[in-house]
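Working through the structure, step by step
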Amino acid sequence: MKGEMNSIPIFVVVAESSSFSQAAEKLHVTRSAVAKTISRLEKRLGVTLFNRTTRSQSLTDEGSLYYESCRRALNEIKMAEDILEGGKLQANGKLRVSVPVLLGHLCISPLLSALAKEHPQLELEISFSDRQVDLSEEGFDLAVRIGSLPDSSSLIARKLASHTMVFCASPDYFQQAGEPVSAEELKQHTGIAYIHSGHILKWQVKNESGEISEINPPARLMMDDMQAIKDIAVTGGGIAWLPYWLVREQLANGSLKEILKDQSPTSWPVYAVWLRKPNLSLKVRIAIDKLVSSLPGMMDVIEAQI
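A few points on the structure.

Cut-offs used in this document
- Residues numbered from 1 in each chain as written.
- Predicted model: local features only at pLDDT ≥ 70, side-chain atom pairs only at ≥ 80, totals over all residues.
- Heavy atoms only, no water.
- Helix = DSSP H or I, 4+ residues; strand = E, 2+ residues; numbered from the N terminus.
- Buried < 20%, exposed > 50% of the residue type's maximum accessible area, 1.4 Å probe, protein only.
- Salt bridge = Lys/Arg side-chain N within 4 Å of Asp/Glu carboxyl O.
- 1 Å grid on protein atoms, 1.4 Å probe; cavity = no way out; pocket = protein on both sides within 12 Å on 5 of 7 lines; lining within 4 Å.
- Points joined across faces, edges and corners; volume = space filled by probe spheres on them.
- Nonpolar A, V, L, I, M, F, W, Y, C, P; charged D, E, K, R; others polar.

Turning to unusual backbone geometry, a few remarks are in order. Although it is not a glycine, H28 adopts a positive phi angle of roughly 60 degrees. Looking at the secondary structure, you find H28 in the loop between α2 (20-27) and α3 (31-45). The backbone of L260 shows a phi angle near 50 degrees, a positive value even though the residue is not glycine. By the secondary structure assignment, L260 is in the loop between β13 (257-259) and β14 (267-275). Overall, the relative accessible area of 9% leaves L260 in the buried class.

Take a look at the structure:
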């Protein structure tokens with residue numbers, strides 16, 4: 001059993017290296033010793049962990065799955081050692097985080113600010129931007145992103161919550177224009193469209209068969225700021241398709257009313273992403289844990305009270 005456990009740190013180093021030779025240099029052992037350890041591990045697990053060529057190696061699908069589990073396990077052990085050595089879990093140093101503008105202001109910033117109060121030696125720097133920052137080039141420790149992520153061998157991602165969308169408008173608007181009860185009727189109403197990256201975001205609706213289709217918002221007003229769209233909707237400017245966490249207070253106090261609840265199925269994941277490194281720093285780890293445990297509640301708190 002001891003030999004089996006010792007193979008895990010070796011496997012992780014190999015997975016994070018470009019070749020067995022490079023891994024051997026990091027571990028201060030021979031390439032042959034590394035290769036034998038990996039071969040024994042593959043034999044014990046009954047799977048191939050690496051695609052091997054004469055010049056490099058890469059993880060197989062099974063190897064990638066095993067690597068993520070091993071990396072997390074080693075991080076847990078390192079954190080436990082830090083706790084035992086330090087007497088308590090206290091992070092220090094500067095933590096630089098990139099977050100989407102509106103979600104960051106409403107849901108993420110309060111959580112990270114509370115985290116900073118819990119750790120007096122932690123310096124917190126939050127950058128609010130809807131662009132995808134380059135964590136390595138721009139020196140960020142962590143980023144929060146909405147939607148599907150591109151493949152990247154240099155980043156690790158963890159799902160934090162789901163970002164749901166709702167159709168809504170003010171009661172005054174519905175009193176004057178009527179309330180649509182189907183996606184087809186939406187086309188006869190006044191919409192307020194959101195422009196993202198130079199393109200109008202199409203509305204997504206679900207029919208009775210559960211199929212999802214896209215429609216162009218019937219809009220004369222188009223904006224690239226969701227906060228502005230919400231404000232216009234509250235004043236009776238038309239129907240908007242907005243994130244639930246952005247309009248939750250207005251839905252609760254009645255200044256906005258949700259419609260077509262069963263026909264707005266869209267939900268996008270919200271991820272934390274960080275650079276793949278041999279060891280995850282304590283400050284990044286506690287920030288991720290804080291977001292994992294608290295962000296879903298921040299995004300859905302009003303819904304839970306209704």
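Right, picking up where we left off after that structure.
A full pass over the atoms with the stated rule returns 11 salt bridges. The partner of E16 in a salt bridge is R71, with the nearest N and O atoms 3.1 Å apart. Of the two residues, E16 is situated in the loop between α1 (2-15) and α2 and R71 in helix α4 (residues 61-86); the sequence distance between them amounts to 55 residues. The partly exposed category is assigned to E16, whose relative accessible area is 22%. Relative accessible area serves as the criterion here: at 5%, R71 is assigned to the buried category. Between D289 and R285 there is a salt bridge, with the nearest N and O atoms lying 3.1 Å from each other. With D289 and R285 both in helix α11 (residues 282-305) and 4 residues apart, this pair spans about one turn of that helix. Judged by its relative accessible area of 27%, D289 falls in the partly exposed class. Assessed through its relative accessible area of 12%, R285 is described here as buried.

Another aspect to go through is the layout of surface pockets. Roughly 730 Å³ of volume is contained in the largest pocket. Around the largest pocket, the lining is made up of 29 residues, and of these P100, D130, I146, Y194 and H196 lie nearest the centre. With 4 residues, the single largest contributor to the lining of the largest pocket is strand β5 (residues 142-146). Looking at the lining of the largest pocket residue by residue, the classes come out as 17 nonpolar, 7 polar and 5 charged.

So, on to helix α10 (residues 244-253). By the criterion of burial, α10 is predominantly enclosed, with 7 of the 10 residues buried. Residues Y244, W245, L246, V247, R248, Q250 and L251 constitute the buried set of α10. Backbone geometry just after α10 places G254 at a positive phi near 90 degrees.

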